[in-house]
Amino acid sequence: MKTAEIKLIVTLDDKNMPEAITWESTDANTKDAVPVKAMNLAVWDHNYKNTMHINLWTKDMPVDEMKRFFHETLLTLGDSFLKATGEKNIIEDLRDYCAHFAEKMEIER
């Protein structure tokens, strides 16, 4: 059986605010740690039937990029939900909302 490892490194300042975030994967094309400005990690705990989240962003993450990050995350979650469940109708509603979100946040595509 094949395994893969994803490694996240978060550098914190003296107030525990993220200064830098890097990630790397054993399956990536490069073995170098890739710097990122924000991350959302969600895992499902089957035993407790709830989701655990880690949502972090660096102090220098620009607001316009954060808006785009959330927009793209919502779209990607919709794609994943469709693939996992086949629920097409609700995904169209989510995509409509994402278009509304992009318009309200003035996100250029």
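Residues numbered from 1 in each chain as written. Predicted model: local features only at pLDDT ≥ 70, side-chain atom pairs only at ≥ 80, totals over all residues. Heavy atoms only, no water.

**Thoughts on the overall build of the chain**
Along the chain, the regular secondary structure elements total two helices and five strands. The secondary structure elements of the chain, listed N-terminal to C-terminal, are β-β-β-β-β-α-α. For the chain, the C-alpha radius of gyration of 17 Å lies well beyond 13 Å, the compact-globule estimate for 109 residues. In terms of its C-alpha atoms, the chain occupies a principal-axis envelope of roughly 45 × 40 × 35 Å. Relative to its 109 residues, the chain shows a buried fraction of 16%. Taking contacts inside the chain between residues at least 6 apart in sequence as the whole, the part at least 24 apart equals 29%. A distance of 3 Å separates the average location of the 14 positive side-chain charges in the chain from that of its 20 negative side-chain charges. (Helix = DSSP H or I, 4+ residues; strand = E, 2+ residues; numbered from the N terminus. Rg over C-alpha atoms; globule rule 2.2 N^0.38 Å. Buried < 20%, exposed > 50% of the residue type's maximum accessible area, 1.4 Å probe, protein only. Contact = heavy atoms within 4.5 Å. Lys, Arg positive; Asp, Glu negative; His and termini not counted. Charge placed at Lys NZ, Arg CZ, Asp CG, Glu CD.)

**A closer look at a nonpolar patch on the surface**
On the surface, a cluster of nonpolar side chains totalling about 670 Å² of accessible area is made up of Ile6, Leu8, Trp23, Val34, Leu41, Val43, Met52 and Ile54. Residue assignment for the nonpolar patch shows that the elements contributing at least two residues are β1 (6-12), β4 (38-45) and β5 (50-57). (Patch = residues over 30% accessible without salt bridge, like charges linked within 9 Å, V, L, I, M, F, W, Y side chains within 5 Å. Areas by Shrake-Rupley, 256 points an atom, 1.4 Å probe, with all protein chains shown as cover. Salt bridge = Lys/Arg side-chain N within 4 Å of Asp/Glu carboxyl O.)

**Some words on the sheet that holds strand β2 (residues 18-25)**
For sheets, the rule is that strands pair by backbone hydrogen bonds, running either parallel or antiparallel. Taken together, the three strands give an open sheet; going across it, the order is β1-β2-β3, and neighbouring strands pair in antiparallel fashion. Strands with a single pairing partner mark the edges of an open sheet, and in this sheet they are β1 and β3 (34-36). This sheet shows a mean twist of 25° between the axes of neighbouring strands, independent of strand direction. Bridge analysis of β1 against β2 gives seven bridges, and the strand direction is antiparallel. Bridge pairing links Lys7 to Glu24 in β2. (Pairing = 2+ DSSP bridges. Axes fitted to C-alpha atoms, helices over the stretch in contact; angles between N-to-C directions.)

Keep in mind that these numbers describe shape and distance, not what the molecule does.
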